[in-house]
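Descriptive analysis of the structure
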Amino acid sequence: MLRFLLFAACCVPLTLWYSTRMILASLLPGPSGPKGERIGRRWSGLLLRVSGLRLEVDLSALTPGGHYVFMVNHQSNFDIPLLYAVLSAFPIRFVAKKSLFTIPVFGAAMHKAGHIPIDRENRRSGMKSVQDAVDAARAGVCPVIFPEGNPNPEKLLDFKIGGMVLALKCGLPVAPLIISGTGRALPRGRMRLTPTTIRVKALPPVDVSAFTLKQREQFRDGLYSTMSQAYAALPKD
């Protein structure tokens, strides 16, 4: 219990530390991307350490340092520091809803780190965001997409078509990643952790060259079926 109280006490200060460091680092000479990755990994590692949560991670389906678009089911706000930590071998950037980028200090840090806001309410702005993500991928970044759009701890929600379009336009292998346990550990709207085991499993990457943009619904349905079955097969405790 003390470990989880410690997490609640440390979460906000650590996030403020990350945000401030990220903003200051962006003002220094040199490429901001690598600096942002180092700061983000430090922040996520500290959060995981004070959480005391048990982790079971299987990334054996991936090539370390490979270039992918990651498709990940979304359960909790804890998914972000978790993915920063477990995907430390990859230059990831989150494709996230625009509202996160309006959070004072933290939102500015996300911008400086190169994460990509998606405007779901404005079609023209949303199309530009997709192009920004494609450009980042072509520059060597691995976009991380939550295809459900919103967190749900019980089951996989239907995948939104925009994430499929983005992945197909990037042209990179799509690496499905399954997360289980973060929804129980840190439910939406809460700051107190519940002891549990967090499981992360990478599935074999999907070659998107077999699909055209016109086949985005077929791609979405196949990806959803694969990820949903893999999620159901993971132990839940």
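Note that this is a predicted model, so its numbers are computed, not measured.

**Structural notes on the sheet that holds strand β5 (residues 142-145)**
The strand order across the open sheet formed by seven strands is β1-β7-β6-β2-β5-β3-β4, and the pairing between neighbours is mixed. In the strand order of this sheet, the two ends are held by β1 (54-58) and β4 (116-118), each with one partner. Shown here is a sheet whose adjacent strand axes are inclined to one another by a mean of 20 degrees, direction ignored. Alignment of β1 against strand β7 (residues 197-202), held across five bridges, turns out to be parallel. Bridging from a neighbouring strand, Glu56 pairs with Arg199 of β7. The strands touched by helix α3 (residues 79-86) are β1, β2 (69-72), β3 (92-97), β5, β6 (174-180) and β7; relative to β3, the strand with the most contacts, the crossing angle is about 165 degrees.

**Some thoughts on a nonpolar patch on the surface**
Nonpolar side chains collect at one region of the surface, where Val12, Leu16 and Val105 lie side by side and expose about 240 Å² of accessible area between them. Relative to the assigned elements, Val105 resides in the loop between β3 and α4 (106-113).

**A few points about the pairing of β2**
Here β2 shows two buried faces, one formed by Val69 and Met71 and the other by Phe70 and Val72. Two elements, β2 and β6, share four bridges in a ladder whose sense is parallel. Of the residues in β6, the one forming a bridge with Phe70 is Ala175. As defined by bridge partners, β2 adjoins β5 across two bridges and the pair is classed as parallel.

**A short note on helix α8 (residues 216-233)**
Look at α8: 26 Å from first C-alpha to last across 18 residues, which is about the 26 Å you get at 1.5 Å a residue. Buried within α8 are the following residues: Phe219, Leu223, Met227, Ala230 and Tyr231. Considered in projection along α8, the buried side chains sweep an arc of 100 degrees and stay on one side of the axis. Along α8, the residues that are exposed and aim more than 90 degrees away from the buried face are Gln229, Ala232 and Ala233. Of the surrounding secondary structure, the elements contacted by the buried residues of α8 are β2, α6 (161-170) and β6.

**Quick look at the packing of α6 against α8**
Close contact between α6 and α8 brings their axes to 9 Å; oriented N to C, the two are set at 105 degrees. By the angle between their axes, α6 is roughly perpendicular relative to α8. Residue-level inspection shows Ile161, Met164, Val165, Ala167 and Leu168 of α6 in contact with α8, the latter providing Arg216, Glu217, Phe219, Arg220 and Leu223. In the contact of α6 with α8, the residues fall into seven nonpolar, no polar and three charged.

**Describing the side chain of Gln75**
As for its placement among the helices and strands, Gln75 is situated in the loop between β2 and α3. In this structure Gln75 comes out as buried when scored by relative accessible area, which is 2%. Of note is the side chain of Gln75, whose polar atom sits 2.9 Å from the side chain of Tyr231. For Gln75, the residues in contact, after removing those within four places along its chain, are Pro151, Asn152, Pro153, Ile179, Ser180, Gly181, Thr182, Gly183 and Tyr231.

**Some points on the nonpolar core**
Phe70, Leu83 and Ile92 are the most contacted members of the largest nonpolar core, which has 34 residues in total. Taken together, the elements giving at least two residues each to this core come down to α1 (2-25), α2 (32-51), β2, α3, β3, β5, β6 and β7. The element best represented in this core is α3, accounting for five residues. If we skip the residues at most four places from it in the chain, Leu83 touches Val72, Ile92, Phe94, Val144, Phe146, Leu177 and Ile179.

The rules behind the values
- Per chain, residue numbering runs from 1 following the sequence as it is written.
- This being a predicted model, a pLDDT of at least 70 is required before a residue's local features are given, and a value of 80 or more before pairs of side-chain atoms are given or counted; all residues contribute to the totals for chains, interfaces and linings.
- Values reported for side chains reflect all heavy atoms of the structure, with hydrogen atoms and water molecules removed beforehand.
- DSSP bridges decide pairing: two strands pair if at least two such bridges lie between them.
- Secondary structure counts use DSSP, requiring at least four H or I residues in a row for a helix and at least two E residues in a row for a strand, with both numbered from the N terminus.
- Axes, fitted as lines to C-alpha atoms, cover a helix only where it is in contact. Angles between the N-to-C directions of the axes lie from 0 to 180 degrees.
- When checking whether two residues touch, look at their non-hydrogen atoms; a contact exists if any pair is within 4.5 Å.
- Every patch collects residues that have over 30% relative accessible area and no salt bridge, joining them within 9 Å if they carry like charges and within 5 Å if they are nonpolar side chains (Val, Leu, Ile, Met, Phe, Trp, Tyr).
- For the area figures, the Shrake-Rupley method with a 1.4 Å probe applies, and any residue is considered shielded solely by the protein chains shown.
- Any carboxyl oxygen of Asp or Glu that lies within 4 Å of a side-chain nitrogen of Lys or Arg is treated as forming a salt bridge with it.
- The buried label applies to any residue whose accessible area, calculated with a 1.4 Å probe on protein chains only, is under 20% of its type's maximum; exposed applies above 50%, and partly exposed to all values in between.
- To estimate the expected span of a helix, count its residues, drop one, and scale the result by 1.5 Å.
- In this description, one arc is meant: the one made by directions from the helix axis to the C-beta atoms.
- In these notes the angle categories are as follows: under 35 degrees is roughly parallel, over 145 is roughly antiparallel, 65 to 115 is roughly perpendicular, and the rest is oblique.
- When residue character is reported, Ala, Val, Leu, Ile, Met, Phe, Trp, Tyr, Cys and Pro are called nonpolar, Asp, Glu, Lys and Arg charged, and the others, Gly included, polar.
- Pairs of N or O atoms within 3.5 Å make up the polar contacts considered here, provided that, within protein, one atom can donate a hydrogen while the other can accept it, and that residues adjacent in sequence are counted only when both atoms are side-chain atoms.
- Among buried residues, the Ala, Val, Leu, Ile, Met, Phe, Trp, Tyr and Cys ones that are joined through side-chain atoms within 4.5 Å form a nonpolar core.

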